[in-house]
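These are the residues of each chain, in order.
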Amino acid sequence: MVVSYIYRPFRCVDGCSDCCIYRQYFPSVEYGKTGVLLLPHEKLRIENCAKRDGTEIKILPRIGLSDECRNDGPDRIIMYQLMGKETDGNTCPFLDIESDKKAPNGGYPCKIYEERPLACQAYPVSHCTKNQNPVLDTRCKFCKVNVDSPEKYSLIKELAALKKIKGLSRISTTARVWRYATHIGEKKDRKKFLPEGWVLQDM
Ligand code: SF4
Ligand code: SF4
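Reference entry: report on the structure contained in this document.

Calculation rules
Residues numbered from 1 in each chain as written. Chains lettered and ligands numbered in written order. Predicted model: local features only at pLDDT ≥ 70, side-chain atom pairs only at ≥ 80, totals over all residues. Heavy atoms only, no water. 1 Å grid on protein atoms, 1.4 Å probe; cavity = no way out; pocket = protein on both sides within 12 Å on 5 of 7 lines; lining within 4 Å. Points joined across faces, edges and corners; volume = space filled by probe spheres on them. Nonpolar A, V, L, I, M, F, W, Y, C, P; charged D, E, K, R; others polar. Salt bridge = Lys/Arg side-chain N within 4 Å of Asp/Glu carboxyl O. Helix = DSSP H or I, 4+ residues; strand = E, 2+ residues; numbered from the N terminus. Buried < 20%, exposed > 50% of the residue type's maximum accessible area, 1.4 Å probe, protein only. Contact = heavy atoms within 4.5 Å. Pairing = 2+ DSSP bridges.

1. Some thoughts on empty space enclosed by the protein
Then step 1. Within this structure, the stated rule accounts for one cavity of 30 Å³ or more.
Then step 2. What the largest cavity holds in volume is close to 40 Å³.
Then step 3. Lining the largest cavity we find Phe26, Tyr31, Gly32, Lys33, Thr34, Arg62, Gln81, Arg179, Tyr180 and Thr182.
Then step 4. Considering only residue class, the lining of the largest cavity consists of three nonpolar, four polar and three charged.

Here it is, written out as structure tokens:
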């Protein structure tokens, strides 16, 4: 039997702002919580947005590369991260939780929506399978309430943003990869955190 779907553009769950609020430990709690991924060319744009709006932000490195065997960190940074504004690492500083404004889905609006990072544009697509089928982040509320029918939604814009990220952040197979431990997260987890700084990843 052939099932023909009517593809609708992806739309956030009414009232949800979860992905702009809750940050995750990645790849494990030891590394602390991550921020919103920023490519190097986005860093300056986001810093300018913050200056223009008078928003206080914190940007940390995320992934670095080195060609040589060295112990003191990478020689180039290929990804940064925009950290949450709360001490537990949550809540993007550009999420407008103070005014009465609302996003189209009724959630909190993004103050820099038109200039938001590619990572925000790609979400909730996390990656694609070998057959180029989009895989969604199951933490997204949309995935939780649409478990049976995510394929009925069109994710063209999200996939285009993911493609840009992949194209702009290719990692040479010979490079050594470093990940930045943020030392940011829930108070109860603090004892598990690595010191803030670069950690060489297993080859
Ligand atoms: S978690 Fe999912 S449904 Fe909620 S705002 Fe983010 S993308 Fe939209
Ligand atoms: S930049 Fe905007 S869309 Fe991205 S996490 Fe922050 S508030 Fe959300």
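2. Here we look at the pattern of salt bridges
Then step 1. Within this structure, the stated rule accounts for twelve salt bridges.
Then step 2. Here Glu47 ties to Lys43 by a salt bridge, and the two come within 3.0 Å at their closest N and O atoms. Remark: Lys43 and Glu47 occur in helix 2 (residues 40-53); sequence separation between them is four residues, near one turn of the helix.
Then step 3. Residue class for Lys43 comes out partly exposed when judged on its relative accessible area of 23%.
Then step 4. Residues Arg52 and Glu115 are paired through a salt bridge, measuring 3.1 Å at the closest nitrogen-oxygen approach. With Arg52 in helix 2 and Glu115 in the loop between strand 4 (76-82) and helix 3 (118-122), this residue pair connects regions lying 63 residues apart in the sequence.
Then step 5. Judged by relative accessible area, which is 52%, Arg52 ranks as exposed.
Then step 6. On the accessibility criterion, Glu115 (28% relative accessible area) is partly exposed.
Then step 7. Overlapping salt bridges bring together Arg52, Asp53 and Glu115 as one network.

3. Section: the side chain of Asp189
Then step 1. Looking at where Asp189 falls in the secondary structure, it is placed in the loop between strand 8 (176-181) and strand 9 (197-200).
Then step 2. Relative accessible area serves as the criterion here: at 5%, Asp189 is assigned to the buried category.
Then step 3. Those residues within four positions of Asp189 in sequence are excluded, and the remaining contacts are Tyr25 and Val29.

4. Side note on the pairing of strand 4
Then step 1. Burial of strand 4 is extensive: five of the seven residues sit out of reach of the surface.
Then step 2. The pairing of strand 2 (residues 36-38) with strand 4 spans three bridges and is classified as antiparallel. Note that in strand 4 the partner of Leu38 across the bridge is Tyr80.
Then step 3. Relative to strand 4, strand 3 (residues 59-66) runs antiparallel, the two being bridged by six bridges. Paired with Pro61 across the bridge in strand 4 is Tyr80.

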